[in-house]
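# Report on the structure
Here is what each chain is made of, one letter per residue.
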Amino acid sequence: QVQLVGSGGGLVQPRGSLRLSCAVSRSIFSLLHMGWYRQAPGKQRELVAQITSAGITNYADSVKGRFTMSRDNVKNSVYLEMNSLKPEDTAVYYCAAVLVGTGIFWGQGTQVTVSS
């Protein structure tokens with residue numbers, strides 16, 4: 001079992017910045033592929049960013065150039081640096097971990113609201 005605890009959400013004005021964090025419970029963190037997803041009201045959950053166990057990142061087109069995902073294999077954590085935030089970035093953001101051959105594990109979600 002892998003437990004994830006996300007944090008860092010909040011209310012921010014358009015063009016502002018936020019940093020999300022996700023702490024992972026297991027020492028196998030370095031083996032995990034990690035991702036940030038988001039779900040806005042009335043919409044399906046979508047992948048925002050992902051980082052492989054080797055540190056390779058990939059981003060949704062809607063956040064490229066604005067969001068940066070990183071990982072710290074010493075602190076068993078991943079981060080999502082979000083800059084130039086837009087109202088359409090408003091959603092609940094979920095951290096996810098994939099252990100190949102086992103499955104996907106989800107954090108509890110953290111609300112991000114972009115509004116003036």
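Structure: see above.
Note that the structure is a prediction, hence the values are computed from the model and not measured.

### Examining unusual backbone geometry
Phi at Arg-15 is positive, roughly 75°, even though this residue is not glycine. Along the polypeptide, Arg-15 turns up in the loop between β2 (10-12) and β3 (18-24). Assessed through its relative accessible area of 71%, Arg-15 is described here as exposed. In this structure, Asn-76 takes a positive phi of about 50° despite not being glycine.

### A word on the pairing of strand β10 (residues 103-106)
Relative to β10, strand β9 (residues 91-99) is paired through 4 bridges, and the arrangement is antiparallel. Its bridge partner lying in β10, Ala-96 is registered against Trp-106. Linking β9 back to β10 in an antiparallel pair, the connection comprises 3 residues, with Gly-101 at a positive phi of about 90°.

### Focus on the packing of aromatic side chains
Across all of its chains, the model carries 2 aromatic pairs by this definition. Ring geometry for Tyr-37 against Trp-106: centres 4.9 Å apart, planes inclined by 65°, an arrangement best described as edge-to-face. One end of the pair, Tyr-37, is in strand β4 (residues 33-39); the other, Trp-106, is in strand β10, and 69 residues separate them in sequence. We classify Tyr-37 as partly exposed; its relative accessible area is 21%. The exposure class assigned to Trp-106 is partly exposed, which follows from its relative accessible area of 35%. Where Tyr-94 meets Trp-106, the ring centres are 6.4 Å apart and the plane angle is 90°; that geometry is what we call edge-to-face. On the criterion of sequence distance, the pair formed by Tyr-94 in strand β9 and Trp-106 in strand β10 is long-range, its members being 12 residues apart. A relative accessible area of 15% means that Tyr-94 is categorised as buried. The rings of Tyr-37, Tyr-94 and Trp-106 are connected pair by pair, giving a single aromatic cluster.

Cut-offs and rules
- Residues numbered from 1 in each chain as written.
- Predicted model: local features only at pLDDT ≥ 70, side-chain atom pairs only at ≥ 80, totals over all residues.
- Heavy atoms only, no water.
- Helix = DSSP H or I, 4+ residues; strand = E, 2+ residues; numbered from the N terminus.
- Buried < 20%, exposed > 50% of the residue type's maximum accessible area, 1.4 Å probe, protein only.
- Pairing = 2+ DSSP bridges.
- Phe/Tyr/Trp six-rings, centres within 6.5 Å; stacked < 30°, edge-to-face > 60°.

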